[in-house]
Amino acid sequence: MSDAAAITACGGRAERRGRTLAIRTDQPHLPPEARWKEFVDLVDQDGEPLIAPRLVLCEVARRYALVRVFQPELDELFLVDWLSGRHFAVNNANFFFRHGDRAFIVVERPVDGGPAAGIQYIQHSPGHGWQPVWRFVSGAQAQEFLGWVNDEAFRMRFVWSETGHGPGGGNTLLFRIQPIGFSAVID
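These remarks concern the structure in this document. Counting starts from 1 at the beginning of each chain's written sequence and moves along it residue by residue. Local features are withheld for residues below a pLDDT of 70 in this predicted model, meaning they are given only at 70 or higher, and side-chain atom pairs are given and counted only at 80 or more; totals for whole chains, interfaces and linings count all residues. Just so you know, side-chain values use all the structure's heavy atoms and leave hydrogens and water out.

Describing the sheet that holds strand E9 (residues 93-98)
When DSSP finds two or more bridges between a pair of strands, those strands are recorded as paired. What counts as a helix is a DSSP run of H or I of at least four residues, what counts as a strand is a run of E of at least two, and both are numbered from the N terminus. With respect to topology, four strands assemble into an open sheet ordered E9-E10-E11-E12, the strand pairing being antiparallel. Two strands close off the open sheet at either side, each with one partner strand: E9 and strand E12 (129-136). Adjacent strand axes in the sheet meet at a mean angle of 25 degrees when their direction is disregarded. Here six bridges tie E9 to strand E10 (residues 103-108), and the two strands are oriented antiparallel to one another. Bridging across to E10, Arg 98 finds its partner in Ala 103. Every axis corresponds to a line fitted to the C-alpha atoms, with the helix fit spanning only the stretch in contact, and the corresponding angles, defined between N-to-C directions, vary from 0 to 180 degrees.

Encoded structure:
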């Protein structure tokens, strides 16, 4: 989806203001002019982009937007919460929602043949919006989300070596979400 198409899909929640991508938040205590989260295009003296934010996705029902910030050395993907305006990195990832779209797992993919960075658990809480609850850094060669077992547990397959078998090969782990953190066991 192009930046312009994603902005249109946002239905007034995102707009381009010159070199700035602005996303409106729902913080009722802020004055109207402060209810915008802004990502600014920056260019060098030759007009070459240093930072170029683009709206990738606008999830109206789930109340968030995804913004990709292109930089010369590194691209970053941010989830922007419409309630709070907070944003946090969810780089190079796939999203897997659970029960009523109130939480999801972010599975980070490997970048440039390196190891997979890990997984994050993001939860929506009334009055506070989307926020990261915990992150598991795997360092695996590959990882795959196998599905939700129930609202409080999911399975992941991790491949720890390039062959995927033998010592240090692949394992399926069962993650259980707990009030504080998580537990993981080989399944």
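Looking at the pairing of strand E5 (residues 49-59)
Note that strand E4 (residues 42-43) and E5 share two bridges and pair antiparallel. When the bridges of E5 are listed, Leu 42 appears paired with Ile 51. Where E4 hands over to E5, the hairpin turn is made up of five residues, of which Gly 47 adopts a positive phi near 85 degrees. Where E5 lies against strand E6 (residues 64-70), seven bridges are found, and the strand directions are antiparallel. Bridge assignment links Leu 57 to a residue of E6, and that residue is Leu 66.

Regarding the pattern of salt bridges
By definition here, a salt bridge exists when the distance from a side-chain nitrogen of Lys or Arg to a carboxyl oxygen of Asp or Glu is within 4 Å. With the rule as written, the count across this model stands at 10 salt bridges. Here Asp 41 and Arg 54 are joined by a salt bridge, their closest N and O atoms 3.3 Å apart. One end of the pair, Asp 41, is in the loop between strand E3 (36-40) and E4; the other, Arg 54, is in strand E5, with 13 residues separating them in the sequence. The buried label applies to any residue whose accessible area, calculated with a 1.4 Å probe on protein chains only, is under 20% of its type's maximum; exposed applies above 50%, and partly exposed to all values in between. Owing to a relative accessible area of 11%, Asp 41 belongs among the buried residues under this scheme. When its relative accessible area of 30% is taken as the criterion, Arg 54 is described as partly exposed. Among the charged side chains, a salt-bridge network with shared partners connects Asp 3, Arg 16, Asp 41 and Arg 54.

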